[in-house]
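Inside the fold
Spelled out from the first residue to the last, the chains are:
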Amino acid sequence: MAITLSRWQLELFTKCPRCFWLLKRHNVKPPEGFPLALNTAMDGLLKEEFDTYRVKGQPHPILVEHRINAKLFADTTRLAAWRNTFQGLRWTDPETGHTLFGAVDDVLEFPDGSLAALDYKSSGAREARVYPSYQLQLDVYTFLLERLGHKTAPKAFLAFFLAVKDDGFNGRLPFRRQLLEVTAQPDRVPAIFEQAIHLTKSDQTPSPGAECDCCRWFGAASPIITRKE
Ligand code: SF4
């Protein structure tokens, strides 16, 4: 049976194999947090802002400020597909038939024609930081670009927009921008993908990951909350 995994599902696999397995084998979705409406709004606004520079053939100021000698990927038709949540960068392994896909925010093109993934991050944190999930995200996009036949730069980028809270609110929330360059590690993706596929086929319930305490909480709480009064 051919299996399709999204970039987000691969990240879930690395964080908690049990949650990943419950989703893929039993369609039990992880509990959703509160909707990140502000982040979603920022993401849409940033795409619009980057696109205004793209159509003018100009670099976005964040690239100029950080002296990145690359232009915004100009093929808007292809970028629209790569940005689409249900399409994204999509590759099917010809040997196994399994598929991996992920929707990228943006792509940079260097003078030698190589491409690099760029992801927008808006945050209320004081400092920009590369979390393991961000690294995996960029590694997956780079891997997918390669598998789709593109030459890639050995790097990828995170464009941070950090809320500046020093001057109070006063009905406005300014942001400062910062670009972080990350060494892309696409070579580690096939092994993670293969392990996730292997687990998807397994009938054994895996152990929970270390980052979440919910199963332990549920184990302790369920005899109490399901007890008949
Ligand atoms: S420990 Fe948390 S993330 Fe893992 S299966 Fe339980 S609820 Fe899901």
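Notes on the structure follow. Once a new chain begins, its residue numbering starts again from 1 and follows that chain's sequence as written. Reporting in this predicted model follows two pLDDT cut-offs: at least 70 for local features of residues, and 80 or more for side-chain atom pairs to be given and counted; totals over whole chains, interfaces and linings ignore these cut-offs and use all residues.

To define axes, lines are fitted to C-alpha atoms, for helices over the stretch in contact only, and angles between the resulting N-to-C directions are given on a 0 to 180 degree scale. Numbering of helices and strands runs from the N terminus; a helix is a DSSP stretch of H or I covering at least four residues, while a strand is a stretch of E covering at least two. Interaxial distance between helix α1 (residues 7-15) and helix α2 (residues 17-26) falls to 5 Å at its minimum, and their mutual angle equals 135°. Taken together, the axis directions place α1 and α2 in an arrangement best described as oblique. Contacts from Q9, L12 and F13 in α1 reach P17, C19, F20 and L23 in α2. Classes in brief: Ala, Val, Leu, Ile, Met, Phe, Trp, Tyr, Cys and Pro nonpolar; Asp, Glu, Lys and Arg charged; the others, Gly included, polar. When the residues that make up the contact of α1 with α2 are grouped by side-chain class, the tally is six nonpolar, one polar and no charged. Any angle from 65 to 115 degrees is called roughly perpendicular, while one under 35 is roughly parallel, one over 145 is roughly antiparallel, and all others are oblique. Throughout, a pair of residues is in contact if the C-beta atoms placed from their backbones lie within 7 Å.

Okay, the sheet that holds strand β6 (residues 115-123) next. Strand pairing requires that DSSP identify at least two bridges connecting the strands. Pairing is mixed in the open sheet, where five strands are placed in the order β2-β5-β6-β7-β8. Looking at the sheet topology across the chains shown, the edges are occupied by β2 (71-72) and β8 (175-183). One ladder, built from six bridges, connects β6 with strand β7 (residues 155-163); its direction is parallel. Bridge pairing links Y120 to A159 in β7.

Below, the discussion takes up the sheet that holds strand β4 (residues 99-102). Across the sheet, three strands lie side by side as β1-β4-β3; this open sheet has mixed pairing. Each of the sheet's edge strands pairs with one partner strand only, and the pair in question is β1 (4-6) and β3 (89-92). With strand direction ignored, the average angle separating the axes of adjacent strands in the sheet is 15°. When β1 meets β4, the two strands line up parallel, connected through three bridges. Bridge pairing in β4 links L5 to L100.

With that settled, the discussion passes to the environment of F101. Relative to the helices and strands, F101 resides in strand β4. Separated by 93 residues in the primary sequence, F101 and W8 place their C-alpha atoms 9.1 Å from one another. Sequence-distant contacts of F101, defined by excluding residues within four places in its chain, comprise S6, G88, L89 and R90.

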